[in-house]
Amino acid sequence: MSSLDAYFMHEVANTPRGRGVLACIQCGRCTSSCPVAKVIVEHNPRRLMEMIILGLRADVMLGPVPWYCLSCFTCLDRCPQGGDIGEAMFAIRNLAVREGNIPEGILTQARSLFETGRVVTSSRMALIQREKCGLGEEPRIDVEAVQKILRKTRFDKLIQRDR
Amino acid sequence: MNFVRYAFFLGCLIPAREPNYENSVRKIAPKLGVELVEMDGANCCAPFSVQSVDYISWLALAARNLCIAEQMGLDILTLCNDCYESLLMTNMILKEDRETREKVNAILADVGQQFKGKTDVKIFSDVLYEDVGLEKVKNAVKAPFNGLRVAVQPGCHLTKPKRIHFGERTGVRALGELVEVTGAKSISYSAKDACCGGPLRGINDVVASDVAKQKLDSMKAAGVDCIVTVCPFCFLELDRGQLEIKRHSKEEYGLPVLHYAELLRIAMGMKLEDWEMKTHKIPIIKILNTVEAK
């Protein structure tokens, strides 16, 4: 068992979108409504909240735990406490990213965003189809503005693999 | 005809993967009195994946899009549930939270923008239901579907979380009504509110497929002919997802998926082109046979 970090709950609570962890009463309503918890045992929002409250920082931050949630927000509407675990997932992920814990799929989208202003770029097929039906080129994106913003927020540093 | 004008926010996924969706919207909108005004230079809405990396980056990128619409003096019309959620939530946060607004505006100043909170965000089904109205949509139907049994797939962010959907605009019920004026029948099924699994595609494919299977099982049990959605992520997950599921578990659903805009376009008597039919991995030809020509 890893060591406990007594301040972990507050670290999450003080990260944007993380406030809800302070309200959790461990009722489990989030888990009973979670579509991912229905199909795999590794994801259990109530237990995740418990791990945060107890201070199991390394267990939460360094493994796959932050990356099972679909952000469907079902739990957000179900939580009787305004505990917002579905929102807190973003706080947990933002913290995990700063520990270098970021799945390849997210990284690919984030890099594409920085380079093109889009998280998804066109397949050649789609471009041919656009041409055929007269939709023309994709709408213009001001990539320079996107990069200016993302440099300022240091997003570009966050998505470098070998920091 | 009186036209309503909107700043047209297309996002990334639709032009890149589903030009068939965009094409149908561009074909039907003018006939229903909706004018789509292009948003030059607009960037990605900053969905799930971007929000997962950094809070302020998300807000600043989404806010830049809101600013462009503000300058146009128009509300935004989006075709995607994820763009809808990202832009709506950003609009709400920046209107309510002064400290964050100032932080974001300091970043936006570098690209010559400032968030003022003067625009609203709507999704296509909102505009059809609220601005165009059911009556007018119904009158535009020239080739109604003959009792086609439809599983409506609203997608999570059309209605969730409740706090950003003040008064729950079109919602699930309205989408059902929009389907029924085309002559199709919206069939009730148990997993209607459930997620399609799409957000985890490419991140955790096993979970994505397992979640999609629950949904498809429920639709199949209700005995539907096809799925109709308003969300491009749900479209990809439920259409291409069926191929993934077939490859891994041999389970075959054979449920065609249509965008609502395509369903309405067909019912308005406008045929889909060959390449559009081919963007559907599960063939939609049998749906077309249920159209009654008037």
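Conventions adopted
Residues numbered from 1 in each chain as written. Chains lettered and ligands numbered in written order. Predicted model: local features only at pLDDT ≥ 70, side-chain atom pairs only at ≥ 80, totals over all residues. Helix = DSSP H or I, 4+ residues; strand = E, 2+ residues; numbered from the N terminus. Buried ≥ 20, exposed ≤ 12 C-beta atoms within 10 Å, placed from the backbone. Contact = placed C-beta atoms within 7 Å. Domains from an automatic or database assignment. Nonpolar A, V, L, I, M, F, W, Y, C, P; charged D, E, K, R; others polar. Axes fitted to C-alpha atoms, helices over the stretch in contact; angles between N-to-C directions. Parallel < 35°, antiparallel > 145°, perpendicular 65-115°, else oblique. Left-handed = near helix turned anticlockwise from the far one by under 90°. Arc of directions from axis to C-beta.

1. Looking at the overall build of chain B
Across its full length, chain B carries 14 helices and eight strands. Counting only C-alpha atoms and orienting by the principal axes, one finds that chain B spans roughly 55 × 50 × 35 Å. By the burial criterion, 56% of the 294 residues in chain B qualify as buried. Summarising the internal contacts of chain B: among those between residues at least 6 apart in sequence, 81% fall at separations of at least 24.

2. Thoughts on the domain arrangement of chain B
All names here are of chain B. Its domain assignment divides chain B into domain 1 (4-123) and domain 2 (141-288). On a C-alpha basis, the centres of domain 1 and domain 2 stand 24 Å from each other. Facing 23 residues of domain 1, the contacting portion of domain 2 comprises 21 residues. Elements that contribute at least two residues to the side of domain 1 that touches domain 2 include exactly α1 (13-17), α2 (19-28) and α5 (81-96). In the side of domain 1 that touches domain 2, the residues fall into 13 nonpolar, four polar and six charged.

3. Let's talk about the interface of chain B and chain A
Counting residues at the interface gives 50 residues for chain B, matched by 54 residues for chain A. In the side of chain B that touches chain A, the residues fall into 28 nonpolar, 11 polar and 11 charged.

4. Here we look at the environment of G133 of chain B
Residue and element names in this part refer to chain B. Within the fold, G133 resides in the loop between α7 (124-132) and α8 (134-140). In this structure G133 comes out as partly exposed when scored by C-beta crowding, with 13 C-beta atoms within 10 Å. The spacing of G133 and L32 is 101 residues in sequence and 9.5 Å in space, taken between C-alpha atoms.

5. Considering unusual backbone geometry
Residue and element names in this part refer to chain B. Cis geometry marks the peptide bond from K160 to P161, where omega comes out at -5 degrees. Following the sequence through the fold, P161 ends up in the loop between β5 (149-153) and α9 (171-180). Although it is not a glycine, K250 adopts a positive phi angle of roughly 65 degrees. Take K250: it is sitting in the loop between α11 (232-249) and β8 (257-259). Since 7 C-beta atoms lie within 10 Å of it, K250 is described here as exposed.

6. Description of the packing of helix α9 (residues 143-152) of chain A against helix α4 (residues 55-72) of chain B
Two numbers describe how α9 of chain A lies on α4 of chain B: the axes approach to 10 Å, and their chain directions differ by 155 degrees. The angle between the axes of α9 of chain A and α4 of chain B places the two elements in the roughly antiparallel class. Relative to α4 of chain B, the crossing made by α9 of chain A is right-handed. Of the residues in α4 of chain B, those touching α9 of chain A at A145, V146, I149 and L150 of chain A are S57, A60, L61 and R64 of chain B. The residue inventory of the contact of α9 of chain A with α4 of chain B, partitioned by class, reads six nonpolar, one polar and one charged.

7. Regarding the environment of Y129 of chain B
Relative to the assigned elements, Y129 of chain B resides in helix α7. Taking the C-alpha atoms as reference, Y129 of chain B lies 21 Å from R163 of chain B; in sequence the two are 34 residues apart.

8. Notes on α9 of chain A
All names here are of chain A. For α9, every residue scored as buried is listed here: A145, V146, I149 and L150. For α9, the angular spread of the buried residues around the axis is 130 degrees, confining them to a single face. Backbone geometry just after α9 places R154 at a positive phi near 65 degrees.

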